[in-house]
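# Fold and contact review
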Amino acid sequence: MPGPHLASLSPGGLLHADLEEGPPLRALLYIVSPGRVKVPEHLPPLTAPKAALPAQFSSSGLSLSVEDQEPELGLGVVLCLVPCCLPGSLTSLPTRVAAHVLLRHSMSRLFVLGIGFFTLCFLMTSLGGQFSARRLGDSPFTIRTEVLGGAESRGVLRKMSDLLELMVKRVDMLARLENSSELHRAAASGSSGESKFAIFAWENIIREADCCKQHHIMDPKAKWFSPGAGLMERIQAIAQNVSDIAVKVDQILRHSLLLHSKVSEGRQDQCEAPSDPKFPDCPGKVEWMRARWTSDPCYAFFGVDGTECSFLIYLSEVEWFCPPLPWRNKTRAQMAPKALPRVQTVFRSNLSHLLELMGSGKESLIFMKKRTKRLTSQWATAARRLAQKLGDIRREQKQILVHIGFLTEESGDVFSPRVLKGGPLGEMVQWADILAALYVLGHSLRVTVSLKELQSNLGVPPGRGNCPLTMPLPFDLIYTDYHGLQQMKQHMGLSFKKYRCRIRVIDTFGTEPAYNHEEYATLHGYRTNWGYWNLNPKQFMTMFPHTPDNSFMGFVSEELNETEKQLIKGGKASNMAVVYGKEASIWKGKEKFLAILNKYMEIHGTVYYESQRPPEVPAFVKNHGLLPQPEFQQLLRKAKLFIGFGFPYEGPAPLEAIANGCVFLQSRFSPPHSSLNHEFFRGKPTSREVFSQHPYAENFIGKPHVWTVDYNNSEEFEAAIKTIMKTQVDPYLPYEYTCEGMLERIHAYIQHQDFCAAPGPTLPGAHAAQSPFVLAPNATHLEWARNASLAPGAWPPTRSLRAWLAAPGRACTDACLDHGLICEPSFFPFLNSRDAFLKLQVPCDSTEWEMHHLYPALAQPGQECYLQKEPLLFSCAGASTKYQRLCPCRDFRKGQVALCQGCL
């Protein structure tokens, strides 16, 4: 329910309300004081002391400019924007009122009278502890104005509390007015302007009924305008709402007074901006607060009231730009929260509570829950196996928030409506498996798919997002996506920078360091809509292990037991193919390939359609329509071939097909697709070149399960089909895409990845006095010396480090793969020294420290050695013919490329 907005409007100020689409609205403006209100040209002028604006509009804006001719008298205004017709009972009014704005300026009286105040009381039932804050999704109005704070806002709260009590007393009088004639008699006999104002408001409500009848949209069963409708019962319901609101107002008033009283405890003469070299930003921040503290209601929420003391207390205790005030130390120590006792985790096998945590109401969530439920037994089996493997290793339970930003209404949620229409499911597959893995590992989860839930769990103060959180972050880890990352930055204020090391970003295609570093990306042309977050690149977690700079999160495919594998091998049709593509657009222009394939195989499709067969699908194709996941699995178990036409990129379906005994045939891209030549990748924070539809399948699985051919070469394409028909393959699933493999990987990340710790040595003079490296016996690369101590806290362990000097124009990713190893960016700091080049027998004529994503490197031609100045720019990706890059590599566990042999 929309809540009220308190706003301070100085004489000549402007209030603007943006209206969303909705029913026709009528503006009722009640003015009680000499003054003048100016409205836009398209609306008639308003005059004092009271006026009603009969204009109707549905999707537009209303701007009011108030000029007080007698500032010492003050001005009270109640602006009610209500639907043209209000069918139903009077008690339903709060759900139909679009907005109610209370304007108040000067330090004098506030006039809120009659039925206009009834509307205010109704709307305040959604107050929820906030007055002047507008959060996304709270109301169809955006109020652009500066809010009351400090003593003035507390004064308004006191006056509102008094008015609420007065309103309860007025209920008895209004209850006796059972019809409009009694109301007019009461006004005639009364001496105050309040009764007359009540008549005016009531007459406007009656006119609203006439408006409804004229538009033929009034509920014929509505009786609240008739004399016999039971006005007494409705007023009693109003009185109950008023009583509840009075309690809320009192609570907020007490909280505000408590915050303000802390200032008076100190000595006012000690509230001067200090000149402390340890806090160089303090004077500037105090100056900013003097000018802008009313720009966001969150400052008043934290007790800022315009005094120097309140500025310094806020800047030293809520933010951290100023030193603590000596006389506040004791108070501050008492406010410090106590750390909760840590609990050891226990593997879980029952996922019923997880299904409750995931929520409902969206097709995307329903899909995710069905998937989780279907895989429950496999998760339970994987948990038992991993528990045996880990033995007595102590695992601390983490408090984890999972915020799926792309499913929030504020981000558009384009996925949910397309779940049942052939839309992409890869992201939902991955999120369902992430939730299951975290839960099975025994951690405490909170799951949010709305902005309001996110704000509540984080402890976001009321306002516009400029203040820190109201409490220390209660979560050890936060898993989210780029949409959620943006939402957190918008609402967490300075707390975002403080706690961003705890965030893990699920990022399908990866984010390279050159795009992640804001300053570097801006200066060197790597700036996109998705990068520039200045996170540790390992905080980005990908669907496939294509970017060693990021962490590989992955997902799971259903694992077959030996009996199921034998049944599949015996039930395969050697001439049956299934096309990878649920959307008709994928089939467009593929007639040539399909005609060749149709000569040898029976072709099946799973293209979504509503009533008519998609014209892009040839008549010789047997289209099953969009299939539920279990039925799609059964279709794959019968098919010999699963064929892709170049899109979608890197989805989960090819792995599912290979796991069900299919051969995957895909196209080779020449030239490779990238952000430079393909619209799909344009704007993504990576320069990675994609040489096929599914690079992981090509590079990590390969033949006989995966065939990558040039579809533009008809002979090569046809020859591949003939060979595949003769080839026998068993169902195959890489270990890292099993439930156990994913549990093992996420367990290792949670146990060992700590991005909040101070970074290792990277800057000039920071490296160890004695090098821990030795040249390998064949003099080709460096190894960690056996007698050298391991770097404390380093993960992966440094004993797995191997370092090569790559050829010119060769990226470290490729250079390590050439030696059967994986590039490990966390090892770069240990190599970032002149000594590493010398140990490789590469003399450096000069050594420079610069900020560049290809460093450390040896410049060509010449013998200039360049070292990395910015730790966030250490990158396995990237190459240039000008440089020979110094590359850190490591080994990896069989079937688990994300972990080294000693990482678990």
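Refer to the structure presented above.
First, a word on scope: everything that follows refers to the structure included in this document.

Thresholds, definitions, all that
Residues numbered from 1 in each chain as written. Predicted model: local features only at pLDDT ≥ 70, side-chain atom pairs only at ≥ 80, totals over all residues. Heavy atoms only, no water. Helix = DSSP H or I, 4+ residues; strand = E, 2+ residues; numbered from the N terminus. Buried < 20%, exposed > 50% of the residue type's maximum accessible area, 1.4 Å probe, protein only. Contact = heavy atoms within 4.5 Å. Axes fitted to C-alpha atoms, helices over the stretch in contact; angles between N-to-C directions. Parallel < 35°, antiparallel > 145°, perpendicular 65-115°, else oblique. Left-handed = near helix turned anticlockwise from the far one by under 90°. Nonpolar A, V, L, I, M, F, W, Y, C, P; charged D, E, K, R; others polar. Core = buried A, V, L, I, M, F, W, Y, C linked by side-chain atoms within 4.5 Å. Domains from an automatic or database assignment. Arc of directions from axis to C-beta. Disulfide = S-S within 2.5 Å. Salt bridge = Lys/Arg side-chain N within 4 Å of Asp/Glu carboxyl O. Pairing = 2+ DSSP bridges. Right-handed = clockwise from strand over helix to strand, strands pointing away.

Moving on, we get to the overall build of the protein. Within the protein one finds 29 helices and 29 strands. The burial tally for the protein puts 55% of its 904 residues in the buried class. Intrachain contacts of the protein at a sequence separation of at least 6 include 74% that bridge at least 24 residues.

Another point: the packing of helix α12 (residues 363-374) against helix α14 (residues 426-440). The contact between α12 and α14 brings their axes to 9 Å, and the two run at 55°. Classified by the angle their axes make, α12 and α14 are oblique. Handedness of the α12/α14 crossing: right-handed. Of α14, the residues touching α12 (which contributes S364, F367, M368, R371 and T372) are M428, V429, W431, A432, D433, L435 and A436. Residue classes in the contact of α12 with α14 are distributed as 8 nonpolar, 2 polar and 2 charged.

So, on to the packing of helix α7 (residues 282-292) against helix α9 (residues 308-318). Two numbers describe how α7 lies on α9: the axes approach to 10 Å, and their chain directions differ by 125°. Judged by the inter-axis angle, α7 sits oblique to α9. The crossing of α7 and α9 is right-handed. Mapping the contact onto sequence places C282, K285, V286, M289 and R290 in α7 and E308, F311, L312, Y314 and L315 in α9. Residues of the contact of α7 with α9, tallied by class, amount to 7 nonpolar, no polar and 3 charged.

Our next topic: the nonpolar core. Inside soluble globular proteins, nonpolar side chains tend to come together where they are buried. One finds M368, W379, Y479 and F642 to be the most contacted residues of the largest nonpolar core, which totals 81 residues. When residues of this core are assigned to their parent elements, the largest contribution, 11 residues, is made by α14. Domain assignment of the residues forming this core places at least three in each of domain 2 (351-552) and domain 3 (562-732). Setting aside its immediate chain neighbours within four residues, F642 contacts V578, V579, Y580, F632, L636, A653, P654, A657, C662, V663, F664 and L665. Counting residues in each nonpolar core, the second largest holds 27 residues, with L594, F645, V663 and V709 among its members.

Our next topic: helix α21 (residues 591-598). Within the span of α21, buried status applies to F593, L594, I596 and L597. All buried residues of α21 fall inside an arc of 160° around its axis, so they share one side. Tucked into the core, α21 has its buried residues touching β15 (576-580), β16 (602-605), β18 (641-644) and α25 (714-726).

Glancing now at the state of the cysteines. Applying the stated criterion across every chain yields a total of 9 disulfides. Paired through a disulfide, C812 and C887 show a sulfur-sulfur distance of 2.1 Å. The sign of the S-S torsion, about -75°, decides the handedness of the disulfide formed by C812 and C887: left-handed. Within this pair, whereas C812 is found in helix α27 (residues 812-817), its partner C887 is found in strand β29 (residues 883-890), the two being separated by 75 residues in sequence. The pair formed by C812 and C887 is uniform in burial state, with each residue classed as buried.

Here the focus is the pattern of salt bridges. Tallying each qualifying case throughout the model produces 25 salt bridges. For the salt bridge of R682 with E679, the shortest nitrogen-to-oxygen distance reads 2.4 Å. Owing to a relative accessible area of 58%, E679 belongs among the exposed residues under this scheme. Salt bridges linked by common partners bring R385, K389, E740, E744 and R893 together as one network.

Right, let's get into the pairing of strand β9 (residues 399-403). Of all 5 residues that make up β9, 4 are buried, and the element is covered over most of its length. As paired strands, β9 and strand β10 (residues 444-448) are joined by 5 bridges and run parallel to one another. Looking at the pairing, I400 lines up with L445 of β10. Between the parallel pair β9 and β10, the chain is carried across by α14, and the sense of this crossover is right-handed. Judged from the 3 bridges that link them, β9 and strand β11 (residues 477-480) form a sheet pairing that is parallel.

Limitation: the analysis is restricted to geometry and does not speak to function.
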